[in-house]
Amino acid sequence: MTGDDLKIAYSPCPNDTFVFDALAHGRVPGAPGLDVTFADIDITNGMAERGEFDVLKVSYAVLPYVLDEYALLPCGGALGRGCGPLVLTKEAGTGDGPHAFGGGELTGRTVAVPSERSTAYLLFRLWAAEKVPGGVGEIVVMPFHEIMPAVRDGKVDAGLVIHEARFTYRDYGLHKLADMGEYWESTTGLPIPLGAIIAKRSLGGQALTRLADSIRTSVRAAWDAPGVSRPYVMEHAQEMDPSVADLHIGLYVNEFTANLGEDGYAAVRGLLTRAAAEGLLPPLGPDALDFP
């Protein structure tokens, strides 16, 4: 670590540690050094809004608030299909099922969410506006790993969960009321934009391009030799079962991680444009998503 290292914050989740392993450990030739901080998505979203750190993993939903200072990198983030946030309840509702979008049971209910700036919560708000007559009740923000125990223990009526929770919620005796990803994909045909990598525009176009190229190389290195990243992934995986970590990586690290591409950018712009039209987010400028 040197004084010239880029200050970066991302989550301890397997997809982030898998993506950044080679880069964080100096195994990408010609890449910038990284000074890594691990933080939950609600924390990194706040860091971005305050202009802290050079590079951050954030929710796509926070972009309209930070793109004056930060540029969206075309790689390193989390988009995909079949990987959307879930709404979970302790008791099975009429929405329980593979393609259910039921939401009437949530009218006036308390719902735990991982961040009010999260993409998960933005998707939930779009869904609830259509599916929850009268609206939900209190929204409680808590770290994502605390949400399922809170639903199980009756501290909240429902929980909006992300990441590996889609593989483990049954272990908590919980039921899926709705899948925000299925809702989004069925109404748009686009992949689900979840987490973005952003970097300060003040770094300059050349440095931003170098960083993006380095992240792509780090992703490909992890794909080529997944065993190399294993110690880093499991060290920070919060006692996660290794098989769940593998499922997590397989779901969230995909072609969009290496390159957003046409469909990825369409998904991001589609989500943020729709949310702005509903008055949930500020509108994006015409060039806001452009990369140097």
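Here is what the cut-offs are and how they apply
Residues numbered from 1 in each chain as written. Predicted model: local features only at pLDDT ≥ 70, side-chain atom pairs only at ≥ 80, totals over all residues. Heavy atoms only, no water. Helix = DSSP H or I, 4+ residues; strand = E, 2+ residues; numbered from the N terminus. Buried < 20%, exposed > 50% of the residue type's maximum accessible area, 1.4 Å probe, protein only. pLDDT = per-residue confidence, 0-100. Contact = heavy atoms within 4.5 Å. Pairing = 2+ DSSP bridges. Core = buried A, V, L, I, M, F, W, Y, C linked by side-chain atoms within 4.5 Å. Expected span 1.5 Å × (residues − 1). Axes fitted to C-alpha atoms, helices over the stretch in contact; angles between N-to-C directions.

### Here's the deal with unusual backbone geometry
(1) Moving on: Of note in this structure, F53 is not a glycine but carries a positive phi near 75 degrees.
(2) Moving on: Considering the arrangement of structural elements, one finds F53 in the loop between α2 (41-49) and β3 (55-59).
(3) Moving on: The class of F53 is buried, set by a relative accessible area of 15%.

### Digging into the confidence of the model for the chain
(1) Moving on: Put simply, the chain has an average pLDDT of 91, and 95% of its residues get 70 or more.
(2) Moving on: Here residues 95-101 is modelled with pLDDT under 50, and outside its nearest four sequence neighbours on either side it reaches 23 contacts, counting other chains as well.

### Thoughts on the pairing of strand β10 (residues 175-179)
(1) Moving on: Within β10, four of the five residues are buried, which leaves it mostly tucked inside the rest of the structure.
(2) Moving on: Sheet topology note: the strand β6 (residues 86-89)/β10 ladder contains four bridges and is antiparallel. Residue T89 lies in a different strand from β10, and its bridge partner there is H175.

### What to know about the nonpolar core
(1) Moving on: One finds L56, L63, V87, F124 and W127 to be the most contacted residues of the largest nonpolar core, which totals 60 residues.
(2) Moving on: Here this core gets eight residues from one element, more than from any other, and that element is helix α4 (residues 119-131).
(3) Moving on: Excluding residues within four positions of it along the chain, L56 makes contact with A9, T44, M47, A48, Y70, A196, I197 and I198.
(4) Moving on: Judged by nonpolar contacts, the second largest core, of 27 residues, contains Y10, A31, A212 and V253.

### Some remarks on α4
(1) Moving on: Between its first and last C-alpha atoms α4 spans 18 Å; for 13 residues at 1.5 Å apiece the expected length is 18 Å, and the two agree.
(2) Moving on: Among the residues of α4, those classed as buried are T119, A120, Y121, L122, L123, F124, L126, W127 and A128.

### Description of the environment of R152
(1) Moving on: Turning to its location among the elements, R152 is positioned in helix α5 (residues 144-152).
(2) Moving on: Placed 78 residues apart in sequence, R152 and P74 show a C-alpha to C-alpha distance of 38 Å.
(3) Moving on: Not counting residues within four places of it along the chain, the set of residues in contact with R152 comprises K90, Y172 and L174.

### Considering the sheet that holds strand β7 (residues 111-113)
(1) Moving on: In space, the five strands of this open sheet follow the order β8-β7-β9-β6-β10, with mixed pairing throughout. Looking at which strands have only one partner, the edges of the open sheet turn out to be β8 (139-141) and β10. This sheet shows a mean twist of 30 degrees between the axes of neighbouring strands, independent of strand direction.
(2) Moving on: Strand direction decides the pairing type here: β7 and strand β9 (residues 158-161), joined by two bridges, are parallel. Looking across to β9, one finds that A112 is bridged to G159.
(3) Moving on: Against the sheet, helix α7 (residues 180-188) engages β6, β9 and β10, with an angle of about 25 degrees to β10.

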